Amino acid sequence: MSEKLWGGRFEKGLDERIDALNRSFPFDQRLWREDIEGSRAWAGALERARILTKKDANAIRKGLKAVAKEFESGSFEEKPSDEDIHTAVERRLTEIAGDVGRRLHTGRSRNDQVRTDLLLWMKRAYDACDEALTAVQRALVGAAERANGIIIPAYTHLQRAQPVLLAHHLLAYIEMLDRDRDRLTSARGRADMLPLGSGAATGTAFPIDRRALAKDLGFRHIARNSMDAVGSRDAALEFLAVTSIAMTHLSRLGEEIVLWASAEFGFAQLGDAVSTGSSLLPQKRNPDGAELARGKAARTVGNFVGVAGALKGIPLAYNKDLQEDKEAVFDAFDTTVGTCAAMAATVDGLTFVPERCAEALRRGHLLAVDLADYLVEKGVPFRSAHGVVGSIVRAAEEKGCDIAELDLATMQAIAPQIEKDVHTWLTIESSIRRRSALGGTAARRVKAQLTRWRKALG
């Protein structure tokens with residue numbers, strides 16, 4: 001007879017090639033805490049339903065405690081029959097507690113058991129991801145404070161567009177990461193639903209008090225449909241989606257740092273602790289943390305696509321394809337938390353170079369929109385002003401200067417409305433100051449946002 005928990009109806013053992021593909025213990029053993037936690041709660045539910053005596057329930061709880069100690073100490077001994085974490089825990093429980101261990105699985109399936117374990121784990125993973133993203137936000141606040149009035153070009157299409165406070169630019173990433181944290185919170189709420197008690201597909205046949213069971217395990221809600229409870233993995237897919245979006249934002253931040261730290265931009269320098277060297281080129285200071293944020297974002301997106309592909313053609317209820325969710329979820333979690341830590345360190349290690357930032361403001365006609373706004377103040381319709389400024393930009397390029405350096409006579413030849421006050425208007429500082437609407441880059445608005453975020457993030 002097979003040593004597998006399900007082997008009673010089979011005369012022959014499982015082909016080792018199928019067993020190797022089928023076996024999930026090497027990666028799902030990560031759920032040992034959650035599996036033991038769920039098993040303790042299930043023993044209590046069986047006791048309340050008078051399926052287990054108090055003596056048997058206590059023996060099971062004592063045995064599970066011993067199994068937990070083995071996992072904690074690293075002394076748990078895996079056996080070939082340990083198909084997955086659930087099989088391993090039950091097998092070892094029975095070895096420790098005796099035949100009473102065989103009673104624990106009464107009314108329970110690995111189908112509802114595995115989803116319960118994963119959701120318990122995911123709720124904690126969401127909290128850890130939130131803490132990791134918060135650490136990056138704090139690092140960005142620190143960097144924005146260090147920026148201390150530095151102005152750089154804002155870019156569109158990677159072309160110089162308008163002046164912007166560097167702090168304002170950095171604050172944009174704090175906003176992105178805050179929406180990521182909102183998504184984490186929202187998705188965590190949808191994962192906070194107890195599947196246990198749903199059985200293999202149609203619910204348990206025993207009088208289990210699922211409300212009490214949910215309370216024991218800290219779930220706020222109870223799955224209302226047993227087939228959905230065991231056959232759905234949208235909670236895992238949503239975790240992958242949320243972490244993919246967060247990693248995409250970290251990737252964009254990483255790309256900014258790569259650009260800023262390059263000789264071509266030179267807006268920032270990386271500290272030794274967050275740089276690597278070259279095996280050949282002794283002068284190199286490589287932004288590996290920022291580059292890896294880009295690469296690992298692709299990895300998390302790949303995890304999402306892989307699980308979505310596995311789910312799209314599966315009928316209800318449980319199918320073995322669903323086993324593919326865990327490695328992807330675990331990897332996305334590890335990747336996101338690890339990347340957050342590296343990016344927080346990278347941002348903390350940035351030193352800005354005001355001289356290079358100022359130099360970048362001297363070319364690119366960054367005040368072209370300001371000149372159009374000036375003409376609007378003089379009564380010219382904006383669309384007409386836009387065309388006029390385009391002609392002035394062309395004239396400046398012909399003279400080899402920036403629009404702010406163009407002489408008054410040349411400007412007035414194109415736009416008679418321009419007066420002597422134009423050069424007072426066309427300064428980087430006044431451009432920044434005029435962007436004072438809510439959400440703008442004016443210093444007072446940026447200062448208010450920095451104060452808000454410093455208070456919010458601690």
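Structure: see above.
Residues numbered from 1 in each chain as written. Predicted model: local features only at pLDDT ≥ 70, side-chain atom pairs only at ≥ 80, totals over all residues. Heavy atoms only, no water.

### Things to note about the overall build of the chain
- Secondary structure assignment for the chain yields 19 helices and 6 strands.
- Projected onto the principal axes, the alpha-carbon positions of the chain cover approximately 100 × 55 × 40 Å.
- The buried share of the chain, reckoned over its 458 residues, is 49%.
- Excluding contacts between residues fewer than 6 apart, the proportion of contacts in the chain whose partners are at least 24 apart in sequence is 75%.
- As displayed, the chain offers around 22,600 Å² of accessible surface, 52% of which is attributable to carbon and sulfur atoms.
- Counting 66 positive and 63 negative side-chain charges, the chain places the centres of these two groups 4 Å from one another. (Helix = DSSP H or I, 4+ residues; strand = E, 2+ residues; numbered from the N terminus. Buried < 20%, exposed > 50% of the residue type's maximum accessible area, 1.4 Å probe, protein only. Contact = heavy atoms within 4.5 Å. Areas by Shrake-Rupley, 256 points an atom, 1.4 Å probe, with all protein chains shown as cover. Lys, Arg positive; Asp, Glu negative; His and termini not counted. Charge placed at Lys NZ, Arg CZ, Asp CG, Glu CD.)

### Description of unusual backbone geometry
- Following Leu 316, the chain continues to Ala 317 via a peptide bond in cis, the omega torsion being 5°.
- Note on placement: Ala 317 falls in the loop between α11 (288–311) and α12 (324–348).
- Positive phi values are uncommon outside glycine, yet Arg 50 reaches one of about 65°.
- By secondary structure assignment, the location of Arg 50 is in the loop between α3 (32–48) and α4 (54–73).
- Positive phi outside glycine occurs at Leu 158, with the angle close to 60°.
- By the element assignment, Leu 158 lies in the loop between β1 (151–156) and β2 (159–165).
- Leu 158 gets classed as exposed once you look at its relative accessible area, which sits at 53%.

### Some remarks on the packing of aromatic side chains
- Counting across every chain of the model gives 10 aromatic pairs.
- Ring centres of Phe 265 and Phe 267 lie 5.4 Å apart, and the angle between their planes is 80°; on these two criteria the pair is classed as edge-to-face. The same class applies to Phe 265 and to Phe 267, which are both buried.
- An aromatic cluster is defined as three or more aromatic residues linked by ring pairs; in this entry it consists of Trp 121, Tyr 126, Phe 239, Phe 330 and Phe 333.
- Above the plane of the ring of Phe 219 lies Lys 123, whose end atom (NZ or CZ) is 4.4 Å from the centre.
- Against the face of Trp 453 rests Arg 452, its NZ or CZ located 4.4 Å from the ring centre. (Phe/Tyr/Trp six-rings, centres within 6.5 Å; stacked < 30°, edge-to-face > 60°. Lys NZ or Arg CZ within 6 Å of the ring centre and 35° of its normal.)

### A few points about the pairing of β2
- The sheet contact formed by β1 and β2 spans 6 bridges and is antiparallel. Within β2, the position partnered with Tyr 155 by the bridge is Arg 160.
- The hairpin formed by β1 and β2 contains 2 residues between the paired strands, and His 157 there has a positive phi angle of roughly 60°. (Pairing = 2+ DSSP bridges.)

### Regarding the side chain of Thr 243
- You can see Thr 243 is positioned in helix α10 (residues 234–260).
- Filtering out sequence-adjacent residues up to four positions away, Thr 243 remains in contact with Cys 129, Thr 300, Ala 332 and Thr 336.

### Some points on the layout of surface pockets
- Its volume calculated, the largest pocket comes out at about 400 Å³.
- Elements with a contribution of two residues or more to the lining of the largest pocket: β1, α7 (166–191) and α10.
- Sort the elements by how many residues they give to the lining of the largest pocket and α10 lands first, with 5 residues. (1 Å grid on protein atoms, 1.4 Å probe; cavity = no way out; pocket = protein on both sides within 12 Å on 5 of 7 lines; lining within 4 Å. Points joined across faces, edges and corners; volume = space filled by probe spheres on them.)

### Description of the environment of Gly 277
- Structurally, Gly 277 is set in the loop between β5 (268–270) and α11.
- As a C-alpha pair, Gly 277 and Val 307 span 30 residues in sequence and 37 Å in three-dimensional space.
- Beyond its immediate stretch of four places on either side in the chain, Gly 277 contacts Lys 284 and Asn 286.

### Considerations on the packing of α3 against α4
- One can describe the packing of α3 onto α4 by two numbers: an axis separation of 9 Å at closest approach and a directional angle of 175°. Overall, the two elements α3 and α4 adopt an arrangement that is roughly antiparallel. Taking contact as the criterion, the partners of Trp 32, Ile 36, Ser 39, Arg 40, Ala 43, Gly 44 and Glu 47 in α3 are, on α4, Lys 54, Ala 57, Ile 60, Arg 61, Leu 64, Lys 65, Val 67, Ala 68, Phe 71 and Glu 72.
- When grouped by side-chain class, the residues that make up the contact of α3 with α4 number 9 nonpolar, 2 polar and 6 charged. (Axes fitted to C-alpha atoms, helices over the stretch in contact; angles between N-to-C directions. Parallel < 35°, antiparallel > 145°, perpendicular 65-115°, else oblique. Nonpolar A, V, L, I, M, F, W, Y, C, P; charged D, E, K, R; others polar.)

### Notes on the pattern of salt bridges
- Counted by the stated rule, this structure contains 36 salt bridges.
- Among the salt bridges present, the one from Asp 272 reaches Arg 285, with a minimum N-O distance of 2.8 Å. Of this pair, Asp 272 sits in the loop between β5 and α11 while Arg 285 sits in the loop between β5 and α11, placing them 13 residues apart in sequence.
- Taking the relative accessible area as the measure of exposure, Arg 285 reaches 44% and is therefore partly exposed.
- Of the charged contacts, one joins Asp 370 and Arg 434 as a salt bridge, the two residues approaching to 2.8 Å between their closest N and O atoms. (Salt bridge = Lys/Arg side-chain N within 4 Å of Asp/Glu carboxyl O.)

### Considering the state of the cysteines
- Taken as a whole, this structure holds 0 disulfides when the rule is applied.
- Not part of a disulfide, Cys 129 finds its nearest cysteine sulfur in Cys 340, a span of 7.2 Å. (Disulfide = S-S within 2.5 Å.)

### Focus on α11
- With 24 residues, α11 should cover 34 Å at 1.5 Å per step; its first-to-last C-alpha distance of 35 Å lies within 8% of that length.
- Along its buried surface, α11 packs onto α10 and α12. (Expected span 1.5 Å × (residues − 1).)

Read these as geometric descriptors, not functional statements.
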